[in-house]
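One letter stands for each residue in the lines below.
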Amino acid sequence: MSPRIKRLVKKCEDFYVCAEIGNKDAVGVEFPDDRKTMYQYMVHGRISLITIDNNSFTTKSHEANQSSRYQLIDVKEHLYHRLLLSAEEDFYMIGFNTLNKNIDWDGEIKKESFNGNNNSWLIVFDGSPTINGKKLKRFDYAKLEDKFYNVTLNDGVIAVFTKKCLF
């Protein structure tokens, strides 16, 4: 069986989330109009992202390991570019994508309790964290409010994305 990449996409109110699962040696292509991923989280595996612009190529490798477990990868440099994904190992990654190119987002992994704001969304990337007494699972998401969020990670990974307008 030849290497494959499976892509799952969920459109949410202000953004969309994609998950890509692939085999070692799989190759994927994204075209400029489709490349809207701003942040990626590697659940496991190792990949290279190769940007193709005119006659130049840039390559960035990303790997899931213990030191990257709580790392959100900023991939804004690849927005609206031709991109080639090359899998060096079986992989699973989750991407956060903008719906509108006039809106930028800040993203960060939260490891402890925090204060939310009305321009932010929370997404669970891994595990079963508990937030304000509610147990969550991978891909659960919620619009945040201007209040305190009590977090117990339970070996989970959560990210908060905050919208900022560019105009």
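Whatever comes next refers back to the structure up there.
The structure contained in this document is the topic of the report that follows. All values derive from a computational prediction rather than experimental measurement.

Quick look at the nonpolar core now. Phe15, Trp105, Phe125 and Phe161 are the most contacted members of the largest nonpolar core, which has 21 residues in total. Of all the secondary-structure elements, those providing two or more residues to this core are strand E2 (15–22), strand E4 (37–44), strand E9 (91–98), strand E10 (103–110), strand E12 (120–126) and strand E18 (157–165). Not counting residues within four places of it along the chain, the set of residues in contact with phenylalanine 125 comprises Tyr41, Leu72, Ile94, Ile109, Arg138, Val157, Ala159 and Phe161. Grouped together as the second largest cluster of nonpolar side chains are twelve residues, Ile47, Ala64, Ile73 and Val75 included.

Taking strand neighbours across the sheet as the criterion, the five strands line up as E1-E2-E9-E4-E7 in an open arrangement whose pairing is antiparallel. With one partner strand each, in any of the chains shown, strand E1 (5–11) and strand E7 (73–74) form the two edges of the open sheet. Of the pairings in the sheet, the one linking E4 to E7 comprises two bridges and is antiparallel in character. Note that in E7 the partner of tyrosine 39 across the bridge is aspartate 74.

With respect to the element layout, proline 3 can be found in the segment before E1. Owing to a relative accessible area of 40%, proline 3 belongs among the partly exposed residues under this scheme. Spatially, the C-alpha atom of proline 3 lies 7.8 Å from that of valine 27, the residues being 24 residues apart in sequence.

Moving on to the sheet that holds strand E13 (residues 130–131). Taken together, the three strands give an open sheet; going across it, the order is E14-E13-E17, and neighbouring strands pair in antiparallel fashion. Strands with a single pairing partner mark the edges of an open sheet, and in this sheet they are strand E14 (134–135) and strand E17 (151–152). Both E13 and E17 contribute to a ladder of two bridges, which runs antiparallel. Across the sheet, the residue bridging to isoleucine 131 is valine 151, located in E17.

On to unusual backbone geometry. Residue aspartate 25 is not a glycine yet carries a positive backbone phi of 75°. Here aspartate 25 shows up in the loop between E2 and strand E3 (27–30). Even without being glycine, asparagine 132 reaches a positive phi, approximately 50°. Here asparagine 132 is to be found in the loop between E13 and E14.

Now for the pairing of E4. Counting buried positions along E4 gives six out of eight residues, so the element sits mostly inside the fold. Pairing of E4 with E9 involves six bridges; the strand directions are antiparallel. From the neighbouring strand, tyrosine 41 faces E9, where its bridge partner is isoleucine 94.

With respect to the helices, strands and loops of the structure, threonine 51 is situated in strand E5 (residues 46–53). Judged by its relative accessible area of 3%, threonine 51 falls in the buried class. At a separation of 2.5 Å, a polar atom in the side chain of threonine 51 contacts the side chain of histidine 78. When residues no more than four places from it in sequence are discounted, the contact partners of threonine 51 are Ser56, Phe57, Thr58, His78, His81, Arg82 and Leu83.

Tallied over the entire structure, the rule returns 13 salt bridges. The salt bridge involving glutamate 20 is made with arginine 7; its shortest N-O contact spans 2.2 Å. Placement of the pair is glutamate 20 in strand E2 and arginine 7 in strand E1, with a sequence separation of 13 residues. Taking relative accessible area as the criterion, arginine 7 reaches 40% and is therefore assigned partly exposed. Members of the salt-bridge network, linked through shared partners, are Arg7, Glu20, Glu30 and Arg35.

The rules behind each value
- Residues numbered from 1 in each chain as written.
- Predicted model: local features only at pLDDT ≥ 70, side-chain atom pairs only at ≥ 80, totals over all residues.
- Heavy atoms only, no water.
- Core = buried A, V, L, I, M, F, W, Y, C linked by side-chain atoms within 4.5 Å.
- Buried < 20%, exposed > 50% of the residue type's maximum accessible area, 1.4 Å probe, protein only.
- Helix = DSSP H or I, 4+ residues; strand = E, 2+ residues; numbered from the N terminus.
- Contact = heavy atoms within 4.5 Å.
- Pairing = 2+ DSSP bridges.
- Polar contact = N/O pair within 3.5 Å; in protein donor to acceptor, adjacent residues only side chain to side chain.
- Salt bridge = Lys/Arg side-chain N within 4 Å of Asp/Glu carboxyl O.

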